[in-house]
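Each chain is listed here by its residues.
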Amino acid sequence: MEYVSPEGLRLDGRRPMEMRQIRGEIGAVAKADGSAVFEMGNTKVIAAVYGPREVQNRSQQISDQALVRCEYSMANFSTGDRMRRPKGDRRSTEISLVIRQTMEACIMTHLMPRSQIDIFVQVLQADGGTRSACINAATLALADAGIPMRDLVTSCSAGYLNSTPLLDLNYVEDSAGGPDVTVGILAKMDKVTLLQMDAKLPMDIFENVMQLATEGCKAVAQCIQEVLLENSKKLEYQRGP
Amino acid sequence: MSWPTNLDLGQKEALVRRAHSTVKRTESGREKEEGGEQREGRLTQEGKWRERQPQPQPQQQQLELRPSIPSFHPSLPSFPGMVGLSVGEKHFIQGGIAQDLRTDGRKRLHYRPISVETSVIPQANGSARVRLGATDVIVSVKAELGKPSPFQPSKGKVAIFVDCSPTAAPMFEGRGGEELSAELSVSLQRCLLGGKSGEGAGIDLSSLMVVEGKLCWDLYIDGLVVSSDGNLLDALGAAIKAALSNTGIPKVNVAFASSADEPEVDVSDEEFLQFDTSRVPVIVTLTKVGRHYIVDATPEEESQMSSAISVSVNRLGNICGLTKRGGAGLDPSVILDMVSVAKHVSQQLISVLDSEIFAAESAADS
C-alpha cells in the first residue's frame, strides 16, 4: 500500500514531517487535583492526577520518596470497531508502566516522601500515538496539580514507510507494519527518557527517524508551554489585583 | 496513620465476636483454655495498640467507623468516593434541606445547570457529553448489524454498558469501579429498555429491524463517567437521550439473491435514518434526606440520604421504570408521593433537556 503519494502527501493529507493538530486544555475533571485533555489529531485522552496524598496501601510506602502510580484505560468507544476488553489486559498494563516510569523520572519525588501520586489516563479516542498523547496529557495534568517537576516531559512518535521518515503516525500508518519509534524527552534539559521501537531499521535511518521524533517532542513542548502560560495568565486574572 | 485505624468495620466486629467466643470457650471446658488464653493475649495486645494510637482527627475518624449513626450507610455501593463530613456539616446539610435552601443555594427540586454537547466521538453513530455541575459523562451509541433473537424476530437489540473511569475518583482504579458500573448499567437498562420482552421500552425496538428473523441493528450504548459529582444516573439518562437523538443509523438496502440464504446487504454511508427519541424517558432521582426529598443530590447530600428512588418518566408522563436504592425502608404512601413529584419534575427536565439538545445539535451542524 502507498502511504506517501508521489506528490509527497500522506493518507490524511499531511507532509511527511508534519504533525497532526495538537491541542491541550487544562481542567477537565473538577474533582481531581490536576487534570488535562490532550488531543493529537483524532487521538484524545484525559489525564487526572490525585495527590500528593497519604499512601493508601501502607506496604507500598517509600520512606524517602513519593510513590507514583499510573493507570491507563481505554473507553469502549475509543476504537473504530467497538470492543469490550477486560480491565488490566497486558497492553494497558505495559502502557501504564511506561507512563509511570516516564513521569517518575521528571517528578521530584524526593520532596514528597511517604506520599502517593496517582496518574489516571483515559483514552477517549484512539487513532495512533495514544502512548505519546497520554504522556503529554499526564505532563499537563501534573503541572496543573502543582507537583514539582524537573522539566516538562513530552512525547511523540515517528515511523518509516515507503522509504520516508514520517512524523506522528496515525492508526493506519501505525498498523502498516513499519517501525514505530516513540520518543519521550525532557524538553529543556534535552534528555531522552523514553525510547521504544518495534520492527527493524538500519542504523543510519534510525538516527534520522529518532531525530525527527525528537523534533516532534520539542514542538509538543512548545505547545504545552503555551497552554500552561495561558492557564497561569487566566488564574492570575481570576485572582484579581 | 497507625494501623488500628485501618481496621474496617468487619474486622472490628470479628474482633469483638472473637473476644466473646473466647470467653465462652474458656468457660465451657478446660482443654481449650490454652487456645483461649492465646486469643485473649492477642486481644489485649490489640488494646494496647489502640492506647498508643495518636489521634489526629479523632472526631472524623470515629464517625467514619461507626455505622450506628442514623441516615449514614457506608456500605451502600452507590456512593462514588466516600465523603468525610463533620457533625456540624451534616446538620448544616440536613437543616438546609429541611428549610428548602440547600448548601449550593438551590431549592429541593432544582437541578444544577445541564450542559449538553453532541457529536463528541466522531467514530460513533451518535454521541453526547452531559455535564451536571462537576459530574461529566460521555455516552456513545454504536450500531452494528446482527441477528435478532429467535424469541423476538421482529425486534432489534439494545445493550447499555457503563464504565467508571478512574479519572473520576481514585477508588475506581483497577476493578474498584466495577460494582458501581454494574449497578448503573442495570438501573439504566431497567429504566430505559423495559422488561425482557422489550415491552415498554423507551426505544422503539421494532424500528431497528432490517429483515425479520434474519437481520437487525444492535445498538451498543456505552457510557463513561469522566468526573463524578453526584447524581450519575440522571446524568447518564440525559446523556443517553441526547446521544440517541444525535444517532444516525445508516440506511440499508437489502437484495434477496436467493431467498433461503442470507440476504445481501448494502449499507449506505451517505443516507442516515434519524432515530425517534420523543419516547425516550428521562430519569429523575429523588433522594430522601430526613423527612424531605431532593433532586440532583451532590455527593455530600447523597451521603446523608436514607433512601433514593430513581423514576424514569417519558414525555407523556408515563412511568417507564423505577429503582429504589438505599437501606432504609419507605412508607408506601411516601413512595407514591415521591413518584408523583418525580413526574412533575421530569416534565421540566424534559423541556430543559430538549432545548439543550436542540442547541447542541444546531451548534454541531454550524
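Residues numbered from 1 in each chain as written. Chains lettered and ligands numbered in written order. Predicted model: local features only at pLDDT ≥ 70, side-chain atom pairs only at ≥ 80, totals over all residues. Heavy atoms only, no water.

**Q** Please provide a residue-by-residue account of the interface of chain B and chain A, values included.
**A** Every contact between the two is made by 34 residues of chain B and, on the other side, 28 residues of chain A. Together, the buried faces of chain B and chain A total about 2,700 Å²; carbon and sulfur atoms form 52% of this surface. Area buried by chain B at its contact with chain A is led by Thr167(B), Pro170(B) and Glu173(B), which between them contribute 20% of it. In this assembly, chain B and chain A are joined by 2 salt bridges. We note a salt bridge from Asp229(B) to Lys31(A), for which the minimum N-O separation is 3.2 Å. Remark: the boundary between chain B and chain A carries 11 residue pairs in polar contact (both at pLDDT 80 or more). Secondary structure elements with two or more residues in the side of chain B that touches chain A: strand 3 (135-146), strand 4 (157-164), strand 6 (215-227) and helix 7 (299-302) of chain B. Taken together, the residues that form the side of chain B that touches chain A break down as 17 nonpolar, 8 polar and 9 charged. (Contact = heavy atoms within 4.5 Å. Buried area = accessible area lost by both parts, 1.4 Å probe. Salt bridge = Lys/Arg side-chain N within 4 Å of Asp/Glu carboxyl O. Polar contact = N/O pair within 3.5 Å; in protein donor to acceptor, adjacent residues only side chain to side chain. Helix = DSSP H or I, 4+ residues; strand = E, 2+ residues; numbered from the N terminus. Nonpolar A, V, L, I, M, F, W, Y, C, P; charged D, E, K, R; others polar.)

**Q** Now, about the sheet that holds strand 12 (residues 319-325) of chain B: what can you tell me, with residues and values included?
**A** Residue and element names in this part refer to chain B. Pairing within the open sheet is antiparallel, and its 4 strands lie in the order 10-9-11-12. The open sheet is flanked by strand 10 (292-295) and strand 12, the only strands paired with a single partner. Taken over all neighbouring pairs, the strand axes of this sheet differ in orientation by 25° on average, direction set aside. Here helix 5 (residues 178-193) sits on the sheet and contacts strand 9 (282-289), strand 11 (307-313) and strand 12; the angle it forms with strand 12, its principal contact strand, is near 150°. (Pairing = 2+ DSSP bridges. Axes fitted to C-alpha atoms, helices over the stretch in contact; angles between N-to-C directions.)

**Q** Outline the packing of helix 1 (residues 90-106) of chain A against helix 2 (residues 130-144) of chain A, listing residues and values.
**A** All names here are of chain A. One way to put it is that helix 1 packs onto helix 2 with a least axis distance of 10 Å and a crossing angle of 45°. Here helix 1 is positioned oblique relative to helix 2, judged by the angle of their axes. Note on packing geometry: the crossing formed by helix 1 with helix 2 is right-handed. Here helix 1 contributes Arg 91, Glu 94, Ile 95, Val 98, Ile 99, Thr 102 and Met 103 to the contact with helix 2, which in turn contributes Thr 130, Arg 131, Cys 134, Ile 135, Ala 138, Thr 139 and Leu 142. Here the residues of the contact of helix 1 with helix 2 are counted per class, giving 8 nonpolar, 3 polar and 3 charged. (Parallel < 35°, antiparallel > 145°, perpendicular 65-115°, else oblique. Left-handed = near helix turned anticlockwise from the far one by under 90°.)

**Q** Which residues make up the pattern of salt bridges, and what are the values?
**A** Residue and element names in this part refer to chain A. Under the counting rule described, the total for this entry stands at 27 salt bridges over all chains. For Arg 20, the salt bridge is made with Asp 127, and the minimal N-O distance between the two is 3.7 Å. One end of the pair, Arg 20, is in the segment before strand 1 (22-26); the other, Asp 127, is in the loop between strand 5 (115-125) and helix 2, and 107 residues separate them in sequence. Just as Arg 20 is buried, Asp 127 falls in that class too. The partner of Arg 20 in a salt bridge is Asp 168, with the nearest N and O atoms 3.0 Å apart. Taken together, the residues Arg 20 in the segment before strand 1 and Asp 168 in the loop between strand 7 (164-167) and helix 3 (171-174) connect sequence positions 148 residues apart. A relative accessible area of 8% places Arg 20 in the buried class. The exposure class assigned to Asp 168 is buried, which follows from its relative accessible area of 1%. One continuous salt-bridge network, built from bridges that share partners, spans Arg 10, Asp 12, Arg 14, Arg 20, Asp 127, Asp 168 and Glu 173. (Buried < 20%, exposed > 50% of the residue type's maximum accessible area, 1.4 Å probe, protein only.)

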